[in-house]
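Results of the structural survey
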Amino acid sequence: MADPRNELADIVAPVAPAMTASAGGLPGWLWAAGLLGMAGVMLMVWQWRRRRFARSLQAIATAVAR
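Residues numbered from 1 in each chain as written. Predicted model: local features only at pLDDT ≥ 70, side-chain atom pairs only at ≥ 80, totals over all residues. Heavy atoms only, no water.

**Quick look at the overall build of the protein**
In terms of regular secondary structure, the protein is built from 3 helices and 0 strands. Within the protein, buried positions represent 0% of all 66 residues. Of the roughly 6500 Å² of accessible surface on the protein, a fraction of 69% belongs to carbon and sulfur atoms. (Helix = DSSP H or I, 4+ residues; strand = E, 2+ residues; numbered from the N terminus. Buried < 20%, exposed > 50% of the residue type's maximum accessible area, 1.4 Å probe, protein only. Areas by Shrake-Rupley, 256 points an atom, 1.4 Å probe, with all protein chains shown as cover.)

And the structure:
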């Protein structure tokens, strides 16, 4: 006699469909390129803001030297 737990397993808890590459969304390399681009922009902004104080001091020193 068949085991009812095995026979009814797919009805009670159906098997999830397999994910395919054509399921939609962007390719992985495009996500990685976008993240690297955003990190690069954030690094440039951080560097610019970090040097802002030195630029203001240099402007004051230049104005005093004139």
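Read on, since the account is not over.
**Comments concerning helix α3 (residues 28-65)**
If you check α3, its first and last C-alpha atoms are 55 Å apart, about what 38 residues at 1.5 Å a residue would give, namely 56 Å. A bend of about 40 degrees at R52 is the largest found in α3. (Expected span 1.5 Å × (residues − 1). Bend = angle between axes of the 7 residues up to and from the residue.)

**Thoughts on a positive patch on the surface**
On the surface, R49, R50, R51, R52 and R55 cluster together into a positively charged patch. Summarising the element assignment, R50 is placed in helix α3. For R50, a relative accessible area of 52% gives the class exposed. (Patch = residues over 30% accessible without salt bridge, like charges linked within 9 Å, V, L, I, M, F, W, Y side chains within 5 Å. Salt bridge = Lys/Arg side-chain N within 4 Å of Asp/Glu carboxyl O. Lys, Arg positive; Asp, Glu negative; His and termini not counted. Charge placed at Lys NZ, Arg CZ, Asp CG, Glu CD.)

**Notes on the confidence of the model for the protein**
For the protein, the mean per-residue pLDDT works out to 82, and 71% of the residues sit at or above 70. Within the protein, the element-level pLDDT minimum falls on helix α2 (residues 9-12), averaging 64, and the maximum on α3, averaging 93. (pLDDT = per-residue confidence, 0-100.)

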